Amino acid sequence: MSVAQTYNALLAAASSLLTARIAFELESCRHQAPYERNITVMSRRYYGPDFPKETYIAHAYPESTVDLGEVVLNYAVTGSESSPALLLVPGLAESWWGYEAAMKLLEADLQIYAVDVRGQGRSSRTPGRYTLDNWGNDLVRFIERVIKRPTLVAGQSLGGLMAAWLSAYAPPGLVRAVYLEDATLFTSELVPAYGTGMRQFAPGYLFNLFMTYLGDQWRVGDWKGMQSNAPSMLPAWMQGRIPAGDEPPQSLKEFDPEHARAMFTGTAMAGCSHKLMLQSAKTSMLFTHHARGIDPETGIVRGATTDSQVSYARQLVEKAGQRFDYLSLPEKGHILHQEDTPLYASILKDWALHVA
């Protein structure tokens, strides 16, 4: 028998064995009760601009877009042009409409622009380009091309970091003052200049879960798998952070989970030191600090940032010659503008009219 004949004979035998094995497994599976089968079927979910019917719903205010070159940003606007301008910047996994209730309470006194940052809501997805510097520069162009006058900026969580970035790096005179609503100063850096960083920060555990089971641009989309595996990946006191139900909440449908990967791996903050940013502040800041603490069993930071980290931030801003106002709200949750909208609106209005 030639070498070729031997090879073909072995190949045929292997094929026969594989076919027999598959037939055996299928027959065995057919005779098992459903609960005995070790089979997992993943029902994928896909969301984002490529799946608009599955992703988006109508909101109280009309939406508009502006093409800034690399990105198209979605936004809503309300209020009179004769009032001071205010830009609202949501946190991670929140779209502009998270501010709808607050906008209703503020529109009589301020002209409000609420924006979807890149990778959120109806704004562009930009794989590999989610960084604080890019988000900040997007907002500079937005102010220049849409608002077209000096503006106040209020941002929540990650949006608060963008507000701080604008205070430091926006062109002179473009930003009047900034409000940081429970911003994640230092904790959202992989290796911060002061205190605890991302890997000892409660949201970091959520980011790891999102990037593993949802994937960049929802390419994995394993919502059920994420729910099932959350207990093994989250501390016990964080179990309630994952919503029940067959579908994600609206805000997560509009969220590119690559944001989570960028935050967890450190690329989102790469090249933008929070310490240097605060040292470069060119406007006054208001910081509201909400519920926080350190888990005694794990040492994980619970809340946006620690008291000592905010104190350090204050020192840096004041050394830069800028005013830093601080309001402690330890009984309030992370997203004040949704949890206690009247209080948020009162704080913001008093601040805005004072600095304006």
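None of these values were measured; they are calculated from a predicted model.

Some thoughts on the overall build of the protein
Working step 1: When you go through the protein residue by residue, the secondary structure sums to 13 helices and ten strands.
Working step 2: Looking at the protein as a whole, 51% of its 356 residues qualify as buried.
Working step 3: Here the contacts in the protein between residues at least 6 apart in sequence split such that 75% fall between residues at least 24 apart.
Working step 4: Carbon together with sulfur atoms contributes 54% to the accessible area of the protein, which is approximately 16200 Å² in total.

Section: the sheet that holds strand β2 (residues 72–78)
Working step 1: Sheet architecture is open: eight strands sit in the order β1-β2-β4-β3-β5-β6-β7-β10, paired in mixed fashion. Of all the strands in the sheet, just β1 (63–67) and β10 (324–328) have a single pairing partner and so form its edges. Across the sheet, the mean angle from the axis of one strand to that of its neighbour is 20°, orientation sign disregarded.
Working step 2: With five bridges connecting them, β1 and β2 associate as antiparallel partners.

Remarks on the packing of helix α6 (residues 202–213) against helix α7 (residues 223–233)
Each pair of packed helices gets described by two things: the angle between the helix axes and the distance between those axes.
Working step 1: Where α6 meets α7, the axes come as close as 10 Å, and the angle between the chain directions of the two elements is 140°. The hand of the α6/α7 crossing is right-handed. Between α6 and α7, the contacting residues are Tyr205, Asn208, Leu209, Phe210, Thr212 and Tyr213 on the first element and Gly225, Met226, Asn229, Ala230 and Met233 on the second.
Working step 2: Its residues assigned to classes, the contact of α6 with α7 comprises seven nonpolar, four polar and no charged.

Quick notes on helix α13 (residues 341–355)
Working step 1: Compared with the 21 Å implied by 1.5 Å per residue over 15 residues, the 21 Å span of α13 between its first and last C-alpha is a close match.
Working step 2: Three or more residues of α13 are buried, namely Thr341, Tyr344, Ala345, Ile347, Leu348, Trp351 and Ala352. Down the axis of α13, the sector holding all buried residues measures 165°, keeping them to one side. Projecting away from the buried face of α13 at angles above 90 degrees are the exposed residues Pro342, Asp350 and His354.

Some points on unusual backbone geometry
Working step 1: With a phi angle near 65°, alanine 93 is a residue other than glycine that sits in the positive phi range.
Working step 2: Here alanine 93 is to be found in the loop between β3 (85–89) and α3 (100–106).

Let's talk about the pattern of salt bridges
Working step 1: Inspection of the entire model under this criterion finds 16 salt bridges.
Working step 2: Residue arginine 261 pairs with aspartate 216 through a salt bridge whose shortest N-O separation is 2.6 Å. Here arginine 261 is found in helix α9 (residues 258–265), whereas its partner aspartate 216 is found in the loop between α6 and α7, with 45 residues between them in sequence.
Working step 3: A relative accessible area of 33% means that arginine 261 is categorised as partly exposed.
Working step 4: Since its relative accessible area comes to 16%, aspartate 216 is described here as buried.
Working step 5: For arginine 314, the salt bridge identified is with glutamate 318, shortest N-O distance 3.2 Å. Remark: glutamate 318 and arginine 314 occur in helix α11 (residues 307–319); sequence separation between them is four residues, near one turn of the helix.
Working step 6: Residue arginine 314 is classed as partly exposed on the basis of its relative accessible area, which comes to 33%.
Working step 7: With a relative accessible area of 42%, glutamate 318 lands in the partly exposed category.
Working step 8: Connected via shared salt-bridge partners are Glu70, Arg118, Arg129, Asp138 and Arg141.

Details of the confidence of the model for the protein
Working step 1: This prediction gives the protein a mean pLDDT of 91; 88% of its residues lie at or above 70.
Working step 2: Counting interchain partners and residues more than four positions distant, the pLDDT-below-50 stretch residues 28–40 has four contacts.

Observations regarding the packing of aromatic side chains
Working step 1: In total, this model carries 15 aromatic pairs according to the counting rule given.
Working step 2: On the numbers, 4.9 Å between centres and 80° between planes, the contact of tyrosine 47 with tryptophan 218 is edge-to-face. Placement of tyrosine 47 in the loop between α1 (3–31) and α2 (52–55) and of tryptophan 218 in the loop between α6 and α7 is noted, with a sequence separation of 171 residues between them.
Working step 3: For tyrosine 47, a relative accessible area of 7% gives the class buried.
Working step 4: With a centroid separation of 5.0 Å and an interplanar angle of 80°, the aromatic rings of tyrosine 75 and phenylalanine 142 are classed as edge-to-face. Of this pair, tyrosine 75 sits in strand β2 while phenylalanine 142 is found in helix α4 (residues 132–147), placing the two residues 67 residues apart along the sequence.

Structural notes on the packing of α4 against helix α5 (residues 158–169)
Working step 1: As a packed pair, α4 and α5 sit with axes 9 Å apart at the nearest point and diverge in direction by 65°. As summarised for this structure, α4 and α5 are arranged roughly perpendicular, according to the angle between their axes. Note that α4 runs across α5; the crossing there is right-handed. Contact residues: α4 offers Leu132, Asp133, Trp135, Gly136, Asn137, Leu139, Val140 and Ile143, while α5 offers Leu158, Leu161, Met162, Trp165 and Leu166.
Working step 2: Counted by class, the contact of α4 with α5 contains ten nonpolar, two polar and one charged residues.

Considerations on the layout of surface pockets
Working step 1: Volume-wise, the largest pocket comes out at about 890 Å³.
Working step 2: As for the largest pocket, its lining consists of 34 residues, and the residues nearest its centre are Leu92, Leu206, Arg241, His334 and Ile335.
Working step 3: Among the elements that make up the lining of the largest pocket, the one with the highest residue count is α6 (five residues).
Working step 4: Here the lining of the largest pocket is built from residues that sort into 19 nonpolar, ten polar and five charged.

Thresholds applied
Residues numbered from 1 in each chain as written. Predicted model: local features only at pLDDT ≥ 70, side-chain atom pairs only at ≥ 80, totals over all residues. Heavy atoms only, no water. Helix = DSSP H or I, 4+ residues; strand = E, 2+ residues; numbered from the N terminus. Buried < 20%, exposed > 50% of the residue type's maximum accessible area, 1.4 Å probe, protein only. Contact = heavy atoms within 4.5 Å. Areas by Shrake-Rupley, 256 points an atom, 1.4 Å probe, with all protein chains shown as cover. Pairing = 2+ DSSP bridges. Axes fitted to C-alpha atoms, helices over the stretch in contact; angles between N-to-C directions. Left-handed = near helix turned anticlockwise from the far one by under 90°. Nonpolar A, V, L, I, M, F, W, Y, C, P; charged D, E, K, R; others polar. Expected span 1.5 Å × (residues − 1). Arc of directions from axis to C-beta. Salt bridge = Lys/Arg side-chain N within 4 Å of Asp/Glu carboxyl O. pLDDT = per-residue confidence, 0-100. Phe/Tyr/Trp six-rings, centres within 6.5 Å; stacked < 30°, edge-to-face > 60°. Parallel < 35°, antiparallel > 145°, perpendicular 65-115°, else oblique. 1 Å grid on protein atoms, 1.4 Å probe; cavity = no way out; pocket = protein on both sides within 12 Å on 5 of 7 lines; lining within 4 Å. Points joined across faces, edges and corners; volume = space filled by probe spheres on them.

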